[in-house]
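Structure at a glance
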Amino acid sequence: MPSTLSGRTVLVTGATSGIGYETARGLAERGALVLLHGRTREEAQAAADRLIATSSVSGALVRPLAADFARLEEVENLARAVVREHPRLDVLVNNAAIAAPERHTLTADGNEISFQVNFLAHYLLTGLLGAALTTDPGGRVVNVSSSLHRTAAIQWNDPQRVRRYSRLAAYAQSQLALTVFASDPRVTAVSVHPGICETGLLPLYGNEGASAAEGAAHVVRLCDPATEIVNGAYYDRSERVAPAAAATDDRTIKRLNKLADLLVGHTA
C-alpha cells in the first residue's frame, strides 16, 4: 500500500538531533521529501548524511538547509530559499527548540534567546512560508510543543524577562506562545507534546524518558494527510486533549500576534 506521505514536501526545523531528526527519518522512510533544517550548513549536511547512511532512505528525499534561529535574518533567508526551490510545501514542522540558558541571554535581535528560537523564529518562518504552504487537504503546520506550556504565563509587559528571569519559566513561556500560535486562524496548525523523551531537553523534565523515535512517531502521524486535524488542536502524544485555557483564548491569540509582529517586524 503506498504511503499517504509519498510525494509530499515537509520542512522539519531542528532536525539534526532528537525528535526532529527521528521525525525527518520517519517522514523520509514513508516517501516524503524532507527539508532537513540545522543551525549550520555543516550540522544539517552531517545529519542528512547520517540519515541516508543508517536507513533505507534515498538521498533524493533529504535536502539539508541551514539557519541559526538566534538570528532572524537567517530565518528570512531560509524562508526565501524554501519558497524559491519548493514553491509547494505540504507540511511545516516547527520543532527547533533550546532549553533556556541559566543566565538571561538576549539575541542580536534583542529577544530572550529561548523565546526567539522556540517561538518567534517559527512565527516568522510560518508567515514567510504562507505562499508556499498549500491549502490543499493535508497541508498543515505541526508545532512540537510541551506539556510545560500549562505552567506558563506570557509576561506581556516584559516578554524578554529582563526583570525576573528563570530558565524554566522562560522555556515554558516559549512553549505556551507556540501552542497559542497553533490557534491562529491564518494557519492550519496543531500542537503536539511528544512525551518526555531522551533528548537534549530531558533535564528540564526529569531523569528518564521514552526514545526520541517514540516521540517522533506522534509528530509523523500528525504530518500524515490521512490524519484529520482541527485547527488549534493540541495532542498529548497520540491523544487529543484540551491545552491550557490561554491557548485557545481569542484575546490572547490576537495579543500574541501583535507582540510577535512587533518583535520580528524590525527585520521583516
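Residues numbered from 1 in each chain as written. Predicted model: local features only at pLDDT ≥ 70, side-chain atom pairs only at ≥ 80, totals over all residues. Heavy atoms only, no water.

1. Regarding the packing of helix α1 (residues 18–29) against helix α2 (residues 41–54)
Each pair of packed helices can be described by the angle between their axes along with the distance between the axes. Viewed as axis vectors pointing N to C, α1 and α2 meet at an angle of 50 degrees, and their least axial separation amounts to 11 Å. In terms of orientation, α1 lies oblique with respect to α2. Regarding α1 and α2, the two cross each other, and that crossing is right-handed. Counting all contacts with α1, which are made through Tyr21, Ala24 and Arg25, the residues of α2 involved are Ala47, Arg50, Leu51 and Thr54. (Axes fitted to C-alpha atoms, helices over the stretch in contact; angles between N-to-C directions. Helix = DSSP H or I, 4+ residues; strand = E, 2+ residues; numbered from the N terminus. Parallel < 35°, antiparallel > 145°, perpendicular 65-115°, else oblique. Left-handed = near helix turned anticlockwise from the far one by under 90°. Contact = heavy atoms within 4.5 Å.)

2. Some details on the packing of helix α5 (residues 167–181) against helix α7 (residues 250–265)
Contact geometry for α5 and α7: axes closest at 10 Å, N-to-C directions at 110 degrees. Looking at the two axes, α5 sits roughly perpendicular to α7. Of α7, the residues touching α5 (which contributes Ala177, Val180 and Phe181) are Thr252, Ile253 and Leu256. In terms of residue class, the contact of α5 with α7 is made up of five nonpolar, one polar and no charged. (Nonpolar A, V, L, I, M, F, W, Y, C, P; charged D, E, K, R; others polar.)

3. Remarks on the pairing of strand β1 (residues 9–12)
Where burial is concerned, the two faces of β1 agree: the one with Thr9 and Leu11 and the one with Val10 and Val12 are both buried. Regarding topology, α1 serves as the crossover connection from β1 to the parallel strand β2 (residues 33–38), and that connection is right-handed. Here β1 runs beside strand β4 (residues 91–94); their pairing, made up of three bridges, is parallel. Paired with valine 12 across the bridge in β4 is valine 93. (Buried < 20%, exposed > 50% of the residue type's maximum accessible area, 1.4 Å probe, protein only. Right-handed = clockwise from strand over helix to strand, strands pointing away. Pairing = 2+ DSSP bridges.)

4. Digging into the sheet that holds strand β6 (residues 189–193)
The strand order across the open sheet formed by eight strands is β3-β2-β1-β4-β5-β6-β7-β8, and the pairing between neighbours is mixed. Here the strands that pair on one side only, and so sit at the sheet edges, are β3 (62–66) and β8 (239–241). Shown here is a sheet whose adjacent strand axes are inclined to one another by a mean of 25 degrees, direction ignored. Here four bridges tie β4 to strand β5 (residues 140–144), and the two strands are oriented parallel to one another. In the strand pairing of β5, valine 93 is matched with valine 142. Across the sheet, α5 lies against β4, β5, β6 and β7 (234–236), angled at about 160 degrees from β5, the strand it touches most. Strand contacts of helix α6 (residues 212–223): β4, β5, β6 and β7, with the helix running at about 165 degrees to β5, the strand carrying the most contacts.

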